[in-house]
Amino acid sequence: MIFGRRSEKRNPLLTYERILVPMAGTEADDAPLRLAALLLGGTGGQAALLHVIEVPFERQLDAEDPRAIAFADDIMERAEAFLTEHEVQVRTGIAQARAAGAAIVDDAVEQNVDLIVMGLRYKKRFGGGWDAGRTVPYVMRNSTAPVWCLRVATEDLAHTP
């Protein structure tokens, strides 16, 4: 049996330099931000925060929506403050796209991230079945980087027969 000395520094198993955290502006953003802070805090790594404003097809893709931009700025400001407090370098970005999933995957490739950490709200579709939406499944299918999806805690499952 071999024991390591305390003075020897061991490399952590999970080492990431660049993590993309897509921000939706919901309670599902909290856990991914905390995980990014845990993985990157004090390491010199960078968290890339991205909020995607989805533009419907009936509007021009480059049309500005002041309310959506103000909402995105508020989300980014709070998230950046949290990560900075935990000694994480932060890069923020706001994108307008027809679909958030494609914009997230494109940003991950462009930034050459090591990991995508995203949140998922617990929601049911009509009829009672659980629904993951469009964005998370798209990112999980199309991302070249590993994807960690953290679902928000819920009491609903404990009460199902």
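Residues numbered from 1 in each chain as written. Predicted model: local features only at pLDDT ≥ 70, side-chain atom pairs only at ≥ 80, totals over all residues. Heavy atoms only, no water.

Quick notes on the overall build of the chain
Moving on, step 1. Secondary structure summary: the chain contains four helices and five strands in total.
Moving on, step 2. When the helices and strands of the chain are placed in sequence order, the string is β-α-β-α-β-α-β-α-β.
Moving on, step 3. A sequence separation of at least 24 residues applies to 76% of the contacts in the chain between residues at least 6 apart.
Moving on, step 4. For the chain, the accessible area works out to roughly 10,600 Å², and carbon and sulfur atoms hold 51% of it. (Helix = DSSP H or I, 4+ residues; strand = E, 2+ residues; numbered from the N terminus. Contact = heavy atoms within 4.5 Å. Areas by Shrake-Rupley, 256 points an atom, 1.4 Å probe, with all protein chains shown as cover.)

Regarding the environment of Gly 42
Moving on, step 1. Inspection of the secondary structure assignment puts Gly 42 in the loop between helix H1 (30–40) and strand S2 (46–54).
Moving on, step 2. It is 5.3 Å that separates the C-alpha atoms of Gly 42 and Glu 87, two residues lying 45 residues apart in sequence.
Moving on, step 3. Aside from chain neighbours lying at most four places away, what touches Gly 42 is His 86 and Glu 87.

Side note on the pattern of salt bridges
Moving on, step 1. For the structure on display, the rule yields five salt bridges.
Moving on, step 2. We note a salt bridge from Asp 114 to Arg 18, for which the minimum N-O separation is 3.7 Å. Pair noted here: Asp 114 is in the loop between helix H3 (100–111) and strand S4 (115–120) and Arg 18 is in strand S1 (residues 18–22), with a separation of 96 residues, a long-range link.
Moving on, step 3. Note on Asp 114: relative accessible area 25%, which makes it partly exposed.
Moving on, step 4. Residue Arg 18 is classed as partly exposed on the basis of its relative accessible area, which comes to 24%.
Moving on, step 5. Of the charged contacts, one joins Asp 107 and Arg 91 as a salt bridge, the two residues approaching to 3.1 Å between their closest N and O atoms. Here the residue Asp 107 occupies a position in helix H3, and Arg 91 occupies one in strand S3 (residues 89–97), the gap between them amounting to 16 residues.
Moving on, step 6. On the accessibility criterion, Asp 107 (10% relative accessible area) is buried.
Moving on, step 7. Through salt bridges that share partners, Glu 17, Arg 18 and Asp 114 make up one connected network. (Salt bridge = Lys/Arg side-chain N within 4 Å of Asp/Glu carboxyl O. Buried < 20%, exposed > 50% of the residue type's maximum accessible area, 1.4 Å probe, protein only.)

Topic: the sheet that holds S3
Moving on, step 1. Strand order in the open sheet formed by five strands is S3-S2-S1-S4-S5, and the pairing between neighbours is parallel. Only two strands of the sheet have a single neighbouring strand rather than two, namely S3 and strand S5 (147–151). In this sheet, neighbouring strand axes are inclined to one another by 20° on average, regardless of whether the strands run parallel or antiparallel.
Moving on, step 2. Both S1 and S4 contribute to a ladder of two bridges, which runs parallel. (Pairing = 2+ DSSP bridges. Axes fitted to C-alpha atoms, helices over the stretch in contact; angles between N-to-C directions.)

Quick notes on the pairing of S4
Moving on, step 1. For S4, a buried count of five out of six residues is recorded, marking the element as mostly surrounded by other parts of the structure.
Moving on, step 2. In the sheet, S4 pairs with S5 via five bridges, with the strands oriented parallel. When the bridges of S5 are listed, Ile 116 appears paired with Val 147.

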